[in-house]
Amino acid sequence: MAVTVETVEQVQALDKYKYGFVTEIETDTAPKGLGEDIVRFISAKKNEPQWLLDWRLKAYRHWLTMPEPEWAKVQFPPIDYQDAYYYSAPKSPDDAPKSLDEVDPKLLETYEKLGIPLREQEKLAGVAVDAVFDSVSVATTFKKNLEEVGVIFCSISEAVQKHPELVRKYMGSVVPYGDNKHSCLNSAVFTDGSFVYIPKGVRCPMELSTYFRINAENTGQFERTLIIADEGSYVSYLEGCTAPMRDEHQLHAAVVELIALDDAEIKYSTVQNWYPGDEDGKGGIYNFVTKRGACRGRNSKISWTQVETGSAITWKYPSCILQGDNSVGEFYSIAITNNRQQADTGTKMIHLGKNTRSRIIAKGISAGRSDSTYRGLVRISAKAEGARNFTQCDSLLIGDRCGAHTVPYIESKNRNAILEHEATTSRISEDQLFYCRQRGIPEEDAVALVVNGFCREVLQQLPMEFAVEAQKLVGISLEGSVG
Amino acid sequence: MTDAFTDHFGALRDHFPGQDLPWLAELRDRGLQRFAESGLPTPRLESWKYTSLRPIEKVDFAATGVPRACVSIDQAPSLLPDHTDCHRLVFVDGHLRRDLSQLGDLPAGAKLLPLSEQLAADPDWLQTHLDRLDDSQLPPMLALNTAMMMNGFVLHLTRGTVLPHPVEVVHLGGAGDAPLAYHPRNLVVLEEGSQATLIEHFSHMGEQAYLSNSMTEASVGAGAILRHYKLQADALNAFHLATVEAEIGRDATYDSFVMTTGARLSRNETSVRLNGEGATCHLNGAYLVRGEQHCDNTTVVDHLVPNTTCREVFKGVIDDKARAVFQGKLKVHRDAQHTNGHQLSKVLLLSDRAEIDAKPELEIYADDVVCSHGATAGDLDHDALFYLRARGIPEAEARAMLIEAFLGESIDQIAAEGLCPALMTSIGHWLADSRREV
């Protein structure tokens, strides 16, 4: 109940997109457009070794030959790749700040408006925050604590300098540069992102977190995240996004690669709340993300949890390749679309090893004139003896102008595998609404309550701090969908 | 392959039924043109993602052939225990064999005749029904069928006519002296309040490979009931592609069951448009495949108006290196409130090399609906098997019992009396053959 009351307060206070503001900070920006010179510019700016530049150029040349993917159930005008900036970094005197005190005060203010005061989080939440402001990491905290146990948590550009052998070994090993058009572009022009390495047998002492934020106008943001969990280790990683309001579409093509070796476990949670555009579908972020995890080792586990409420267009399929015997893949998702948002999201579970298990719980909620699609693949290869999959996709429709679609692909080549798939589509039960309203709960509030109940299974998977935020988001995202 | 069909078209042009009708000649030309543009469908097309027609391309089909195998009336199989009263049409290699057929006594208001005769008697009535080429999403095989359509049957019931006995249409293939490709075209029109049961039986008698590319169009008027059942037991070197397009009116019912045991490669593509309030369709099916067979069941159900219902259950058994595909799409259009749509695919994989590819799809644009789909795949339930074996039943027999029970459940749904035992028998034969091989 407390959460519901808070949701209502927030909805009332909310005239415009809460996080819609632009911080004015000088940026060091590459010229507009895309070309080999831009790729070289980015690589030079980051002082990268030759092999990485070669890799970027190879990706760029391949990207030129790739057609736009058109199979997703989303519609948007063709993207003008030349009409965007591919590099912008907050300008600071000399190098990056040494401590939080040296961070641009305006930046800190931005975080405060977003509700993530770094210092408070440092003390209270015990969360290490690697804040990506535009494209370069400006503050990394709690490093010391992590260093003591040997965990490497830094920006990917730093990792390229300090741990080139790890980056070179694993980057592109889960998502090859030519995987799809968007990931290929990312491979060519990625600017920054996070790098995590958990050494053998280490249980990461805190939840790692990155807050992303698109700031400079017209800057596509291309993060690259690489997480490696060595034998017997465990890490929980949180990713959350908010973006300021603006008119022109922005392209966001991130790549996330996870690698879990023997007995390792990675838990990756996302709350995505990029600017969704206004009621008429003007503006908003194009969120084209390639996320994939490889369970390379025996008994390894990768778990994706996502709450997708923002973006004009979401195109995202966090997947698991279950190579190791007895490995486990999980996907828990809530996708909420309102107004004219379009979301095409789902997962792929590729079962290769023996006794691999996967579980998919996807909840889609559509309101307004939006469209939400679950698109998923479960593939059991001939060698995946005793593989097991359970899939449940539920859709909830609010209003008669929206759409909810389910497109699962189920391929099994093994008799000893057991697959189950269930999907339902319905609308909020009149009885439940009536029951709430009879007890004096306003309609909008009642809807938030019912929807939170509908999403419960997924919300429970989120770490505590995130769960509260996500519950609020569910309410805010559906604002204006009732009545 | 496109060239081969174009050659056939040239060779057969003057022998097609109704070739003296200018509109039909023009329609055939347009059909061929549309087919030439698209060619045979490939897995690059989303709706053909899991089915490749390459094996068809390897066969050198002849345009015409001379029947070699001899058929007598008692050799033409029937699925009904007593078929003296039923209306029978027998086609051999796509051609009607009047000597084997028996139209029987049709009630007033009922018409059952070969397409060629309908073309001779009343071509204008057919014109509107045969031209389906305007669709921008035109399936390539339908374009080919339109160009090359040969003989088929026309069943037309006027308002309130009820056929007391089923119509049985038997297709026998492989009787010629060369591999043949033929394209039957059928039309079923049930006007308001009429009722009919239509049973199609595909079988074979010769050794030759053959390709049957049929198109059946059904229009079920307000309050009418069409029961449409099919057993496809074609030869294991045959190719069977069947398209059914049905349009269901207000309070009308379309009850369909498709059973597949035959053909090297088969595809049943059924699309149903529910466009009257209260319209209901049941799309059920069962299949048993083994060896290198490939069986594809693809359905599209469009809920266009409020208060329509669809229930769909497909059950399959896959053995050896066989592969089955189930693609079901359920589309609820805007304003089609109170739609009730359910879809289920259940599969037993009996061997380590068997494969199932399922794609149950929901596309929903209305909010007050109840829709669901489910899909399962796996081996026989080990507990059930153990239970039977613990009671002294040998494993092979126990497996056969469980498979029979698994499929029998869906066969029990069939409303045509007399047909169920024949289908159960064909399951029994299939299982017996499997056991003999082991």
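Residues numbered from 1 in each chain as written. Chains lettered and ligands numbered in written order. Predicted model: local features only at pLDDT ≥ 70, side-chain atom pairs only at ≥ 80, totals over all residues. Heavy atoms only, no water.

Undergrad: Break down the overall build of chain B for me, with residues and values.
TA: From N to C terminus, chain B includes 9 helices and 20 strands. Here chain B has a C-alpha radius of gyration of 21 Å; the compact-globule value for 438 residues is 22 Å, and the two agree. Relative to its full complement of 438 residues, chain B shows a buried share of 59%. If you take every contact in chain B between residues at least 6 apart in sequence, the share linking residues at least 24 apart comes to 84%. A total accessible area of about 16700 Å² is found for chain B, and carbon and sulfur atoms account for 49% of it. (Helix = DSSP H or I, 4+ residues; strand = E, 2+ residues; numbered from the N terminus. Rg over C-alpha atoms; globule rule 2.2 N^0.38 Å. Buried < 20%, exposed > 50% of the residue type's maximum accessible area, 1.4 Å probe, protein only. Contact = heavy atoms within 4.5 Å. Areas by Shrake-Rupley, 256 points an atom, 1.4 Å probe, with all protein chains shown as cover.)

Undergrad: Provide a residue-level description of the packing of aromatic side chains, including the pertinent values.
TA: The geometry of an aromatic ring pair is captured by two quantities: the separation of the ring centres and the angle between the planes. Residue and element names in this part refer to chain A. Within this structure, the stated rule accounts for 17 aromatic pairs over all chains. Consider the rings of Phe288 and Trp315, whose centres lie 6.1 Å apart with planes at 75°: the pair is edge-to-face. With a gap of 27 residues between them, Phe288 in strand β13 (residues 285-295) and Trp315 in strand β15 (residues 313-316) connect regions that are remote in the sequence. Both residues of the pair, Phe288 and Trp315, belong to the buried class. (Phe/Tyr/Trp six-rings, centres within 6.5 Å; stacked < 30°, edge-to-face > 60°.)

Undergrad: Please set out the pattern of salt bridges residue by residue, giving values where relevant.
TA: Residues and elements named next belong to chain A. On inspection of all chains with the given rule, the structure shows 49 salt bridges over all chains. Taking the shortest distance from any N to any O, the salt bridge between Arg298 and Asp262 comes out at 3.4 Å. Residue Arg298 is located in the loop between β13 and β14 (301-308), and its partner Asp262 is located in the loop between β11 (255-260) and β12 (265-273); the two are separated by 36 residues in the primary sequence. With a relative accessible area of 43%, Arg298 lands in the partly exposed category. (Salt bridge = Lys/Arg side-chain N within 4 Å of Asp/Glu carboxyl O.)

Undergrad: Lay out the packing of helix α1 (residues 2-12) of chain B against helix α6 (residues 140-148) of chain B in plain terms, naming residues and giving numbers.
TA: All names here are of chain B. Two numbers describe how α1 lies on α6: the axes approach to 10 Å, and their chain directions differ by 20°. One finds that α1 runs roughly parallel with respect to α6. In this structure, α1 crosses over α6, and the sense of that crossing is left-handed. Here Phe5, His8 and Phe9 of α1 lie close against α6, whose contacting residues are Leu144, Ala147 and Met148. When grouped by side-chain class, the residues that make up the contact of α1 with α6 number 5 nonpolar, 1 polar and no charged. (Axes fitted to C-alpha atoms, helices over the stretch in contact; angles between N-to-C directions. Parallel < 35°, antiparallel > 145°, perpendicular 65-115°, else oblique. Left-handed = near helix turned anticlockwise from the far one by under 90°. Nonpolar A, V, L, I, M, F, W, Y, C, P; charged D, E, K, R; others polar.)

Undergrad: Report on the interface of chain A and chain B, specifying residues and quantitative values.
TA: Interface size, as often reported, equals the accessible area lost upon joining of the parts. Counting residues at the interface gives 33 residues for chain A, matched by 37 residues for chain B. Both sides of the chain A and chain B interface together cover about 2800 Å² of buried area, and 44% of this is carbon and sulfur. Summed over the three residues of chain A that lose the most area to chain B, namely Tyr409, Arg415 and Arg427 of chain A, the buried surface amounts to 23% of that side. Between Glu363 of chain B and Lys73 of chain A there is a salt bridge whose closest N-O contact spans 3.1 Å. At the boundary of chain A with chain B, the tally comes to 21 residue pairs in polar contact (both at pLDDT 80 or more). At the level of secondary structure, the elements contributing two or more residues to the side of chain A that touches chain B comprise β23 (403-412) and β24 (418-427) of chain A. Residue classes in the side of chain A that touches chain B are distributed as 11 nonpolar, 11 polar and 11 charged. Bridging between β23 of chain A and strand β19 (residues 355-364) of chain B involves 6 bridges; their strand directions are antiparallel. (Buried area = accessible area lost by both parts, 1.4 Å probe. Polar contact = N/O pair within 3.5 Å; in protein donor to acceptor, adjacent residues only side chain to side chain. Pairing = 2+ DSSP bridges.)

Undergrad: Summarise the domain arrangement of chain B; cite the residues concerned and give the values.
TA: Residue and element names in this part refer to chain B. According to the domain assignment, chain B contains domain 1 (2-381) and domain 2 (382-438). Each of domain 1 and domain 2 has a C-alpha centre, and these two points are 27 Å apart. At the interface, 29 residues of domain 1 touch 27 residues of domain 2. Of all residues in domain 1, Arg290, Leu380 and Asp381 bury the most surface against domain 2, accounting for 28% of the area lost on that side. At the junction of domain 1 and domain 2, the tally comes to 3 salt bridges. When the shortest N-O distance is used, the salt bridge between Arg290 and Asp433 registers 3.6 Å. Taken together, the connections running from domain 1 to domain 2 amount to 10 residue pairs in polar contact (both at pLDDT 80 or more). Among the secondary structure elements, those contributing two or more residues to the side of domain 1 that touches domain 2 are β8 (195-204), β10 (225-232), β12 (253-260), β14 (280-289), β16 (309-318) and β18 (340-349). By residue number, the principal contributor to the side of domain 1 that touches domain 2 is β14, which donates 5 residues. (Domains from an automatic or database assignment.)

Undergrad: Let's hear about the side chain of Ser370 of chain A: which residues, and what values?
TA: Residue and element names in this part refer to chain A. Note that Ser370 resides in the loop between β20 (357-367) and β21 (371-380). Residue classification places Ser370 among the buried positions, given a relative accessible area of 1%. Among the polar contacts made by the side chain of Ser370, one reaches the side chain of Thr337 at a distance of 2.8 Å. Of the polar contacts made by the side chain of Ser370, one reaches the backbone oxygen of Ala367; its length is 2.6 Å.

Undergrad: How would you summarise the packing of helix α2 (residues 22-38) of chain B against α6 of chain B if you had to cite specific residues and measurements?
TA: Residues and elements named next belong to chain B. Between α2 and α6, whose axes approach to 7 Å, the crossing angle comes to 145°. As for how α2 packs across α6, the hand of that crossing is left-handed. Of the residues in α6, those touching α2 at Leu27, Arg28, Gly31, Leu32, Arg34, Phe35 and Ser38 are Pro140, Ala143, Leu144, Thr146, Ala147 and Met148. Here the contact of α2 with α6 is built from residues that sort into 8 nonpolar, 3 polar and 2 charged.

Undergrad: Residue-level account of helix α9 (residues 181-189) of chain A, with values.
TA: By the criterion of burial, α9 of chain A is predominantly enclosed, with 9 of the 9 residues buried. Buried within α9 of chain A we find Lys181, His182, Ser183, Cys184, Leu185, Asn186, Ser187, Ala188 and Val189 of chain A.

Undergrad: I'd like a description of helix α5 (residues 123-130) of chain B, backed by residues and values.
TA: All names here are of chain B. For α5, the complete set of buried residues consists of Pro123, Leu126, His129 and Leu130. Projected down its long axis, α5 shows its buried positions confined to an angular sector of 115°, all on one face. Across α5 from its buried face, at more than 90 degrees, point the exposed residues Asp124 and Thr128. Residues of α5 that are buried make contact with α2, α4 (115-121), α6, β7 (185-190) and β9 (210-220). (Arc of directions from axis to C-beta.)

Undergrad: Account for the pairing of strand β1 (residues 87-92) of chain B, naming residues and giving values.
TA: Residues and elements named next belong to chain B. Among the 6 residues of β1, 6 are classified as buried, and the element is accordingly described as predominantly covered. Here β1 shows a buried face lined by His87, Leu89 and Phe91 and a second buried face lined by Arg88, Val90 and Val92. Summarising the sheet, β1 and strand β5 (residues 167-173) pair through 6 bridges and their orientation is parallel. Bridge pairing in β5 places Arg88 opposite Glu168. Pairing of β1 with strand β2 (residues 95-96) involves 2 bridges; the strand directions are antiparallel. What sits directly across from Val92, in β2, is His95. Following β1, the chain reverses through 2 residues before pairing antiparallel with β2; Asp93 in that reversal takes a positive phi of roughly 50°.

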